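# Understanding the architecture of this molecule
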Amino acid sequence: MVDMRNNRFRKDMMKNASESKLSKEKLQKRLKEEFQHAMGGVPAWAETSKRKTSSDDESEEDEDDLLQRTGNFLSTSVSLPRGILKMKNCQHANAERPTTAQISSVQFHPCAQVVMVAGLDNAFSLFQVDGKTNPKIQSIYLEKFPIFKACFSANGEQVLATSTHSRVLYVYDMLAGKLIPVHQVRGLKERMVKSFEVSPDGSFLLINGIAGYSHLLSMKTKELIGSMKINGRVSASAFTSDSKKIYTYSGEGEVYIWDVNSRKCLNRFVDEGSLCGLSIATSRNGQYVACGSGCGVVNIYSQDSCLQETNPKPIKAIMNLVTGVTSLAFNPATEILAIASKKMKEAVKLVHLPSCTVFSNFPIVKRKTISLVHSMDFSPRGGYFALGNEKGKALMYRLHHYSDF
């Protein structure tokens, strides 16, 4: 029998006082029920056979219908028009768990209609996305652990979290309701573990270290596979969508491209006009790489030219921000690039692709609701866009062009 009272995660699963102890079988069943309730049903990755998805011609405006149709596909809609982006404000993602602490990470679940919000208040929370109330599913508190970054695993079964001042990596197993601290990775000599990336195929974990090192770990075992070193310091890194290459952006404005399997450098080039690299992102379709610099410029390159040329020229330099570009995110359809700076209020823009023009209706600066942006993400099929600010708000918007979550 398992004592339900001595575990803060299990206490919530007790239906009444008589359930102070449950058999392992009953506990497993209860965990499964809780998880399926939280995910709005059985997620695709937990099914043995693929669920059929209805795709009737309902109105784009109907959020209830939208949230019932979240199959593993991209919308086969017409291309996104430039100029004005049809969107509306939704209830804040974390309205059911208010906080005044800075939001360090906001991310949509890869397979379910769920969003995660994490911050400097030592907690990450999961919310059901309905655009109206966004009911809270669960909050996990990590003692003395202000969260620097939290991220779902590629299959959505785990949450990984690092702190602003710790070498511990926390792994939360969502299916088992279990929190696992990884105190030490053999061979990893970093004093702190903060910045990291998860490969899209779920195989690798990349930790950005000090003194120019990036460390590649097995996602399954959390063991070190090998390390790569650049000149200067690592400012940001990103996997390509096929998980075969890594782009590393140095603090001095140089970009390195690595082969994941051999950990050899395939090419390196100086990001045009950049003296200080801050952020980097690759597009889901393998077409673009975006580099955000300290002077507020975002250079958009073709990934092919980055691989083949010693001095690639950007397709376009986006100059709509005037302070360092600290966040970049492509939407799943590679039709929008979100760019933001945490150094100036309301400093966020949505760039239309492939025209590389900025949508004129976002943000509405007069409202001053966005403040300083620390994290951004698009939902798996592009129907929602979320951003987290320093005031503890995870703002969320419905993008009407995309009919799926």
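Residues numbered from 1 in each chain as written. Predicted model: local features only at pLDDT ≥ 70, side-chain atom pairs only at ≥ 80, totals over all residues. Heavy atoms only, no water.

Going by what an unreviewed UniProt entry lists, the chain is known as U3 small nucleolar RNA-associated protein 18 homolog and is assigned to Cavia porcellus. The record held by UniProt for the chain lists under Subcellular location (unreviewed entry) the comment "Nucleus, Nucleolus". Quoted verbatim from the Subunit (unreviewed entry) field of the UniProt record, the comment on the chain reads "Part of the small subunit (SSU) processome, composed of more than 70 proteins and the RNA chaperone small nucleolar RNA (snoRNA) U3." (UniProt positions renumbered as here; feature names shortened; annotations may be inferred.)

The next subject is the overall build of the chain. For the chain, the count of helices and strands is three helices and 30 strands. Burial status across the chain gives 54% buried among its 405 residues. Taking all contacts inside the chain whose residues are at least 6 apart in sequence as the whole, residues at least 24 apart take part in 49%. (Helix = DSSP H or I, 4+ residues; strand = E, 2+ residues; numbered from the N terminus. Buried < 20%, exposed > 50% of the residue type's maximum accessible area, 1.4 Å probe, protein only. Contact = heavy atoms within 4.5 Å.)

Here we take up empty space enclosed by the protein. Sizing a probe to match a water molecule and rolling it over the atoms shows the empty space that remains. Summed over the entire model, instances satisfying the criterion amount to two cavities of 30 Å³ or more. Estimated volume of the largest cavity: approximately 80 Å³. Lining the largest cavity we find Arg 167, Leu 169, Val 182, His 183, Gln 184, Val 185, Leu 188, Glu 190, Val 193 and Ile 207. Residues belonging to the lining of the largest cavity are distributed by class as follows: six nonpolar, two polar and two charged. The space that makes up the second largest cavity amounts to roughly 70 Å³. Along the walls of the second largest cavity sit 14 residues, with Arg 97, Thr 99, Ile 103, Val 117 and Asp 121 positioned nearest its centre. Looking at the lining of the second largest cavity, the elements that each hand over two or more residues are β5 (114-119) and β6 (123-128). With four residues, the top contributor of residues to the lining of the second largest cavity is β6. A breakdown of the residues in the lining of the second largest cavity according to their chemical character gives seven nonpolar, five polar and two charged. (1 Å grid on protein atoms, 1.4 Å probe; cavity = no way out; pocket = protein on both sides within 12 Å on 5 of 7 lines; lining within 4 Å. Points joined across faces, edges and corners; volume = space filled by probe spheres on them. Nonpolar A, V, L, I, M, F, W, Y, C, P; charged D, E, K, R; others polar.)

Read from one edge to the other, the open sheet built from four strands follows the order β8-β9-β10-β11, with strand pairing classed as antiparallel. Looking at the sheet topology across the chains shown, the edges are occupied by β8 (147-152) and β11 (178-182). If you compare each strand with its neighbour and ignore which way they point, the axes differ by 20 degrees on average. Bridging between strand β10 (residues 169-173) and β11 involves five bridges; their strand directions are antiparallel. Paired with Leu 169 across the strands is Val 182, a residue of β11. (Pairing = 2+ DSSP bridges. Axes fitted to C-alpha atoms, helices over the stretch in contact; angles between N-to-C directions.)

For a regular strand, side-chain orientation follows a simple rule: the groups alternate between the two sheet faces. Of all the five residues making up strand β13 (residues 204-208), five are buried; the element is thus mostly covered by neighbouring parts of the structure. Residues Phe 204, Leu 206 and Asn 208 line one face of β13 and the alternating positions Leu 205 and Ile 207 line the opposite face, and both faces are buried. Between strand β12 (residues 196-198) and β13, which pair antiparallel one after the other, the connecting turn spans five residues, and Gly 202 there sits at a positive phi close to 80 degrees. Where β13 lies against strand β14 (residues 213-218), five bridges are found, and the strand directions are antiparallel. Note that in β14 the partner of Phe 204 across the bridge is Ser 218.

As summarised here, the arrangement of the four strands in space is β24-β25-β26-β27, forming an open sheet in which the pairing is antiparallel. Edge positions in the sheet fall to β24 (327-330) and β27 (357-358), since each of these pairs with one other strand and no more. Two strands pair when backbone bridges link them, and strand β26 (residues 348-352) and β27 are joined in this way by two bridges, in the antiparallel orientation. Residue pairing across strands places Val 351 opposite Val 358, the latter belonging to β27.

So, about unusual backbone geometry. A cis amide bond links Leu 353 to the next residue, Pro 354, at an omega of 10 degrees. As for its position among the elements, Pro 354 is in the loop between β26 and β27. At the junction of Phe 362 and Pro 363, the peptide bond is cis and its omega measures out at -5 degrees in the coordinates. Structurally, Pro 363 is set in the loop between β27 and β28 (373-378).

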